[in-house]
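The lines below spell out each chain.
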Amino acid sequence: MIPKTPFRPFVAALALSAGFAFAGEKETERLAESRDVLVELAGIKEGAPREILEKAKCVIVIPGVKKAAIGIGGRFGYGAAVCRTDNGEGPWGSPVMMSL
């Protein structure tokens, strides 16, 4: 069940896309983690304002970013992105796997 939150369209796009059924085990886990982050973010008062989310063309979620630094630093993580179709004006499309 998809919770009723300002993030509902993003959660639905991540969880119910056609590509989700054909994803491998790693991709399925990555989508589930991204969905969990969005649901958690929707539950806190300091989350992103609804009007910003309604105007967004894309949303990228990268849960569990790893950081390291010894003189020079770096970051590493995997997640998913969901963008609107029709040049940013249409409904949310299928998720795309991302890395940082």
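We now turn to the structure provided with this report.

The next thing to look at is the overall build of the protein chain. Across its full length, the protein chain holds five helices and five strands. Starting at the N terminus, the α and β elements of the protein chain follow one another as α-α-α-α-β-β-β-β-α-β. Across the protein chain, contacts joining residues at least 24 apart in sequence account for 52% of those joining residues at least 6 apart. Carbon and sulfur atoms make up 58% of the accessible area of the protein chain, which totals about 7,000 Å².

Here we take up the pattern of salt bridges. This model, assessed by the stated rule, comprises one salt bridge. Among the ionic pairs, Arg35 bridges to Asp36, the shortest N-O distance being 3.3 Å. By relative accessible area, Asp36 is classed as partly exposed at 42%.

This paragraph deals with the packing of aromatic side chains. Across all of its chains, the model carries one aromatic pair by this definition. An angle of 85° between the planes, with centres 5.1 Å apart, marks the rings of Phe76 and Tyr78 as edge-to-face. The partly exposed category is assigned to Phe76, whose relative accessible area is 44%. Overall, Tyr78 belongs to the partly exposed group, its relative accessible area being 39%.

We now examine the state of the cysteines. Two cysteines, two sulfur atoms, one covalent bond between them: this is a disulfide. A complete count under the given rule lists one disulfide for this structure. Residue pairing for Cys58: its cysteine sulfur links by disulfide to Cys83, the two sulfurs lying 1.9 Å apart. As the torsion about the S-S bond is roughly 115°, the Cys58-Cys83 disulfide counts as right-handed. Of this pair, Cys58 sits in strand 1 (residues 58-61) while Cys83 sits in strand 4 (residues 78-83), placing them 25 residues apart in sequence. Classification of Cys58 by relative accessible area gives partly exposed; the value is 39%. Residue class for Cys83 comes out partly exposed when judged on its relative accessible area of 32%.

Within the secondary structure, Val65 sits in the loop between strand 1 and strand 2 (66-70). Classification of Val65 by relative accessible area gives partly exposed; the value is 32%. Beyond its immediate sequence surroundings of up to four residues, Val65 is in contact with Arg75, Phe76 and Leu100.

Reading the values: rules and limits
- Sequence positions are assigned chain by chain, starting from 1 and proceeding in written order.
- The predicted origin of the model limits local features to residues at a pLDDT of at least 70 and limits the giving and counting of side-chain atom pairs to 80 or more, whereas totals for whole chains, interfaces and linings rest on all residues.
- The side-chain figures draw on all heavy atoms in the structure; neither hydrogens nor water molecules are used.
- Helix numbering and strand numbering both begin at the N terminus, where a helix is a DSSP run of H or I of at least 4 residues and a strand a DSSP run of E of at least 2.
- In what follows, a contact means two residues having at least one pair of non-hydrogen atoms within 4.5 Å.
- Computed with the Shrake-Rupley method and a 1.4 Å probe, the accessible areas treat only the protein chains shown as cover for residues.
- Note on definitions: salt bridges are taken to be side-chain nitrogens of Lys or Arg within 4 Å of carboxyl oxygens of Asp or Glu.
- Residue burial is assigned from relative accessible area. The probe radius is 1.4 Å, only protein chains are included, and a residue is buried under 20% of its type maximum, exposed over 50%, and partly exposed in between.
- Within 6.5 Å between ring centres, the rings of Phe, Tyr and Trp (the latter by its six-membered ring) count as paired, and their orientation is classed by plane angle as stacked under 30 degrees, edge-to-face over 60, tilted in between.
- Only a pair of cysteine sulfur atoms within 2.5 Å qualifies as a disulfide here.

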